[in-house]
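So you can see what is in the structure, the chains are spelled out below.
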Amino acid sequence: MLKKLSILVVLVLVGVPAFAQNLDSIPFTPAVNYGARAYPNSVFCADLDGDGDMDLAVASEYYVSILKNNGDGTFQTAVNYAIGVAQFQFSVRT
């Protein structure tokens, strides 16, 4: 699980098209791209809505995008919140 999450974080941070490959014999399903604002620079995983599933918060310049986990390995469309200042790091308090 940690390797899969690490790969997701790297793909989101660098903003390149997602891809799937086998690493250390771990099977991957086909990649799915989830949109967030342009130029993401920080990702945080937490159960933001209290349903027991890890959601994503993605920071980009002037926005934070929230992607709620559907509980089946997929995420809902990002909801973008303008924060008014350039944000390069953030934390989430639940």
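Residues numbered from 1 in each chain as written. Predicted model: local features only at pLDDT ≥ 70, side-chain atom pairs only at ≥ 80, totals over all residues. Heavy atoms only, no water.

**Q** Can you walk me through the sheet that holds strand β2 (residues 55–60) in this structure?
**A** What holds strands together in a sheet is hydrogen bonding between their backbones, with the strands either parallel or antiparallel. Sheet architecture is open: four strands sit in the order β1-β2-β3-β4, paired in antiparallel fashion. The open sheet terminates on both sides in strands that have one partner only, identified here as β1 (40–46) and β4 (79–82). The mean angle between the axes of side-by-side strands here comes to 20°, regardless of whether they run parallel or antiparallel. Note: strand β3 (residues 63–67) against β4, four bridges, orientation antiparallel. Among the inter-strand pairings, S65 is bridged to a residue of β4, identified as N80. (Pairing = 2+ DSSP bridges. Helix = DSSP H or I, 4+ residues; strand = E, 2+ residues; numbered from the N terminus. Axes fitted to C-alpha atoms, helices over the stretch in contact; angles between N-to-C directions.)

**Q** I keep staring at unusual backbone geometry and nothing clicks. Help me out?
**A** Trans is the common state for peptide bonds, and a negative phi is the common state for residues other than glycine. Even without glycine at this site, Y39 takes up a positive phi of about 60°. Its place among the elements puts Y39 in the loop between α1 (2–14) and β1. Despite not being glycine, Y62 has its phi angle at roughly 75°, a positive value. For Y62, the position within the fold is in the loop between β2 and β3.

**Q** How should I be thinking about the confidence of the model for the protein in this particular structure?
**A** Low pLDDT marks stretches whose predicted atomic positions should not be read closely. With 62% of its residues at a pLDDT of 70 or more, the protein shows a mean pLDDT of 74. Summarising per-element confidence for the protein, the mean pLDDT is lowest in α1 (47) and highest in β4 (92). Confidence over residues 1–7 falls short of pLDDT 50; this stretch has eight contacts with residues more than four positions distant or in other chains. For the stretch residues 9–22, pLDDT sits under 50, and the model shows 23 contacts to residues farther than four places along the chain or on other chains. (pLDDT = per-residue confidence, 0-100. Contact = heavy atoms within 4.5 Å.)

**Q** Looking at this structure, how should I read the packing of aromatic side chains?
**A** How two aromatic rings sit relative to each other is set out by the distance from centre to centre and by the angle between their planes. Applying the stated criterion across every chain yields a total of one aromatic pair. Judged by centre distance (5.5 Å) and plane angle (80°), the ring pair of Y34 and F75 falls under edge-to-face. With Y34 in the loop between α1 and β1 and F75 in the loop between β3 and β4, the pair connects residues that are 41 residues apart, well separated along the chain. We classify Y34 as partly exposed; its relative accessible area is 30%. Its end group placed over the ring of Y63, R37 keeps NZ or CZ at 3.6 Å from the ring centre. (Phe/Tyr/Trp six-rings, centres within 6.5 Å; stacked < 30°, edge-to-face > 60°. Buried < 20%, exposed > 50% of the residue type's maximum accessible area, 1.4 Å probe, protein only. Lys NZ or Arg CZ within 6 Å of the ring centre and 35° of its normal.)

**Q** Quick question: what am I supposed to make of the pairing of β2 here?
**A** Within a regular beta strand, the side chains point alternately toward one face of the sheet and then the other, so they alternate between its two faces. In terms of residue burial, β2 counts as a mostly covered element, since six of its six residues are buried. Burial along β2 is two-sided: the residues D55, A57 and A59 and L56, V58 and S60 are all buried. As judged from the six bridges shared by β1 and β2, these two strands associate in the antiparallel manner. When the bridges of β2 are listed, P40 appears paired with S60. Bridge count between β2 and β3: five bridges; the pairing is antiparallel. Bridged to A59 within β3 is V64. Between β2 and β3, which pair antiparallel in sequence order, lie two residues; one of them, Y62, sits at a positive phi of approximately 75°.

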